[in-house]
Amino acid sequence: MPDIAFSEVTPADARYASLVARSRNTRFAGSPRRVLVPRHTDGARQAVAQAVRRGERLAVRAGGHGLEGLVDDPAVTTVIDVSALDGVAYDQDRHAFAVGAGALMGDVYRDLYLKWGVALPAGTCPSVGLGGYVQGGGFGALCRRYGLVVDHLEAVEVVVADADGGARTVVAGRDPADPHHDLWWAHTGAGGGNFGLVTRFWFRSADAPGHRPADLLPRPPATVLFASAAWDWDGLTEGDFLRLLANHGAWHAKEDTADPAYASLYSALYLNQRSVGRLVLNAQIDAGRPDARRLLGDYLRAVGEGVRVSARTSWETLPWLQVTARDVENRGALTRSKSKGAQLRVPFDGGDGALLHRYLADPRYSGHTTVVLFSYGRQVNAVDPAATVVAQRDSLLRCYLGTYWADARADALHVERVRALYRDLFAETGGVPVPGDRTDGSYINYPDVDLRDPRWNTSGVPWHALYFKSNYARLQRVKARWDPRDVFHHALSVELPG
Ligand SMILES: Cc1cc2nc3c(=O)[nH]c(=O)nc-3n(C[C@H](O)[C@H](O)[C@H](O)COP(=O)(O)OP(=O)(O)OC[C@H]3O[C@@H](n4cnc5c(N)ncnc54)[C@H](O)[C@@H]3O)c2cc1C
């Protein structure tokens, strides 16, 4: 039997519909001439070579959770879908875990945990793909204790497009002596679709002792104590809203990060649109601590202190693996969205809170806007800003801003809504969270094409400085070396040096 390197799926093929509709954000659906589905690494190399030879504009898809239409861009004529490259294995030679770029987060959590008892400090959505997620930096529920996912990235296997039109596979490692080290570095936070097609990642913590698989990555807690507090919008005054926001910010600003008690705390405060009915704080902590209930209770009390509407709080203790299987960001029928991000060095102040309240309490707006404040810092901030591409290494909170809706005819209304909120929130710095005393740019895994649009970014600070700060110049040098023909590009990709 001849080896089938990749399947070529054209619109006449029954599989086409399934492959082009993989974007979680249904605002985007592409219509490429073909989707190539490689079976193995060399199949991926052949797929890239074919697309380059044919002069196709190509894009790579892994989990389909990208927040912008970077893959479903109408200009893209070939999509290479890496779903079939999804294995998780222990690599005896590298003493690291090899994970295919098409693997989904939930499957990676399951395999790493059930086979070796370890975990990546990765994200909270089981259907996110590793291919897009890791390259952006990757944060999640274990990050305050163990850092970002890229802080555990040992090596990466990439199909790159040569200057002469060919394609080859390169393995690039963390070891500074590796001749391909710059390519490894570029995969630690620049986002997907920049330098080549990633087929595989290897993970191992930088300080891992020896070669026993169970010692090479963090071990998650056996059980997690999970609390969810909800404050109904009914009866909630602006004063209550401001109090809640200020309490939450003050807790994070005052936290003694040298005290290990709250190292395993992870929380997300969802400041939801009034039409959703409630504001929600989801918080979790290692249930194995004898004082877990008291610590989490104290945290919830501190956030809710002085808010006159009392919270409805539910408590659960769950096995760790079950927590990772929950899709907490699922918004049901509201599958269309527009997202933005911001890194906060200090919490939002009263003026910011009043503005957020004005937008979120607006009874005339029918969509579902949410502003989420994720607990951040601790081990994330222990890493040098130049060690990986993730330059934001002293933020207190990571902020996600998004709006969700169902009706395609209302796209413009909802997109404009979240644009206006963001512009007004960061009005003092040109409508975007410029790196400075209060904010520190944004997160490339929350890609936002508005940051390169002078109508929405009037700061004079270019989009790439918002994402990569001073690491951008090095990224451009890597781009020139590894993708000199700019085969891999999209609206927010690293540009060749000018
Ligand atoms: C519901 C939801 C929850 C999320 N939760 C978190 C979270 O907890 N933590 C967090 O850090 N982020 C989170 N994110 C953001 C997430 O990290 C990004 O959306 C990520 O880019 C998705 O990767 P993907 O492979 O699923 O998406 P895709 O759309 O397949 O890819 C995203 C980008 O990466 C490129 N790409 C994909 N695979 C490859 C490859 N093999 N080689 C080269 N380029 C590639 C694509 O071309 C595209 O530009 C969440 C997103 C969603 C929608």
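This text goes with the structure placed above it.
I will try to describe carefully the structure that is included in this document. This is a predicted model, so every value here is computed, not measured.

Scoring rules and cut-offs
- Residues numbered from 1 in each chain as written.
- Predicted model: local features only at pLDDT ≥ 70, side-chain atom pairs only at ≥ 80, totals over all residues.
- Heavy atoms only, no water.
- Helix = DSSP H or I, 4+ residues; strand = E, 2+ residues; numbered from the N terminus.
- Polar contact = N/O pair within 3.5 Å; in protein donor to acceptor, adjacent residues only side chain to side chain.
- Contact = heavy atoms within 4.5 Å.
- Axes fitted to C-alpha atoms, helices over the stretch in contact; angles between N-to-C directions.
- Parallel < 35°, antiparallel > 145°, perpendicular 65-115°, else oblique.
- Left-handed = near helix turned anticlockwise from the far one by under 90°.
- Nonpolar A, V, L, I, M, F, W, Y, C, P; charged D, E, K, R; others polar.
- Salt bridge = Lys/Arg side-chain N within 4 Å of Asp/Glu carboxyl O.
- Buried < 20%, exposed > 50% of the residue type's maximum accessible area, 1.4 Å probe, protein only.
- Pairing = 2+ DSSP bridges.
- Phe/Tyr/Trp six-rings, centres within 6.5 Å; stacked < 30°, edge-to-face > 60°.

Right, let's get into the side chain of Ser23. Within the element layout of this structure, Ser23 appears in the loop between helix H1 (16-20) and strand E2 (34-38). Looking at Ser23, its side chain comes within polar contact range of the main-chain oxygen of Asn25, at 2.9 Å. Among residues more than four places away in sequence, those in contact with Ser23 are Phe28, Arg61, Gly64 and Asp72.

Taken N-terminus to C-terminus, the directions of helix H7 (residues 238-254) and helix H10 (residues 350-360) make an angle of 125 degrees; their axes are 9 Å apart at the nearest point. Classed by the angle they form, the pair H7 and H10 counts as oblique. H10 is crossed by H7, and the crossing has right-handed handedness. Judged by residue contacts, Glu238, Phe241, Leu242 and Leu245 of H7 engage Gly350, Gly353, Ala354, Leu356, His357 and Leu360 from H10. Per-class residue counts for the contact of H7 with H10 are six nonpolar, three polar and one charged.

Before going further, it helps to spend a moment on the pattern of salt bridges. For the structure on display, the rule yields 53 salt bridges. A salt bridge links Asp286 to Arg145, with the nearest nitrogen and oxygen atoms 3.8 Å apart. You can see Asp286 sitting in strand E12 (residues 278-286) and its partner Arg145 sitting in helix H5 (residues 143-146), a full 141 residues away along the chain. Of the residues examined, Asp286 reaches a relative accessible area of 13% and is grouped as buried. Three or more residues are tied together by salt bridges with common partners; here these are Glu68, Lys338, Lys340, Glu416, Arg419, Asp448 and Asp450.

As for its placement among the helices and strands, Gln273 is situated in the loop between strand E11 (266-272) and E12. Not counting chain neighbours up to four residues away, the residues in contact with Gln273 comprise Trp233, Tyr359, Leu360, Asp362, Tyr365, Gly367, His368, Thr369 and Arg417.

The next thing to look at is the sheet that holds strand E10 (residues 223-232). Reading across from one edge, E13-E10-E12-E11-E15-E16-E14 is the order of the seven strands in this open sheet, with antiparallel pairing throughout. Looking along the sheet, the strands with just one partner apiece sit at the ends: strand E13 (312-319) and strand E14 (336-344). Across the sheet, the mean angle from the axis of one strand to that of its neighbour is 15 degrees, orientation sign disregarded. In terms of strand pairing, E10 meets E12 through nine bridges, oriented antiparallel. By the bridge assignment for E12, Ser228 is matched with Asn282. In this fold H7 packs onto E10, E11, E12, strand E15 (368-375) and strand E16 (397-405), with an angle of close to 160 degrees to the strand it touches most, E11. Contacts between helix H11 (residues 411-425) and the sheet are confined to E14, E15 and E16, with E16 contributing the most and set at about 155 degrees to the helix.

Moving on to the packing of H7 against helix H8 (residues 292-304). At a minimum axis separation of 7 Å, H7 and H8 run at an interaxial angle of 135 degrees. The angle between the axes of H7 and H8 places the two elements in the oblique class. Packed against H7, whose contacting residues are Leu244, Asn247, His248, Trp251 and His252, the element H8 presents Tyr299, Ala302, Val303 and Gly304 at the interface. Along the lines of polarity and charge, the residues of the contact of H7 with H8 split into five nonpolar, four polar and no charged.

It is worth spelling out the packing of aromatic side chains at this point. For the structure on display, the rule yields 20 aromatic pairs. Taking the centre distance of 5.1 Å and the plane angle of 75 degrees together, the rings of Tyr422 and Phe426 count as edge-to-face. Like Phe426, Tyr422 is buried. Ring centres 5.0 Å apart and planes at 75 degrees place the aromatic pair Tyr443 and Tyr446 in the edge-to-face group. Exposure class is identical for Tyr443 and Tyr446. Each is buried. The rings of Phe139, Tyr266, Phe374, Tyr376, Tyr400, Tyr443 and Tyr446 are connected pair by pair, giving a single aromatic cluster.

None of the figures reported here should be taken as evidence of function without further support.
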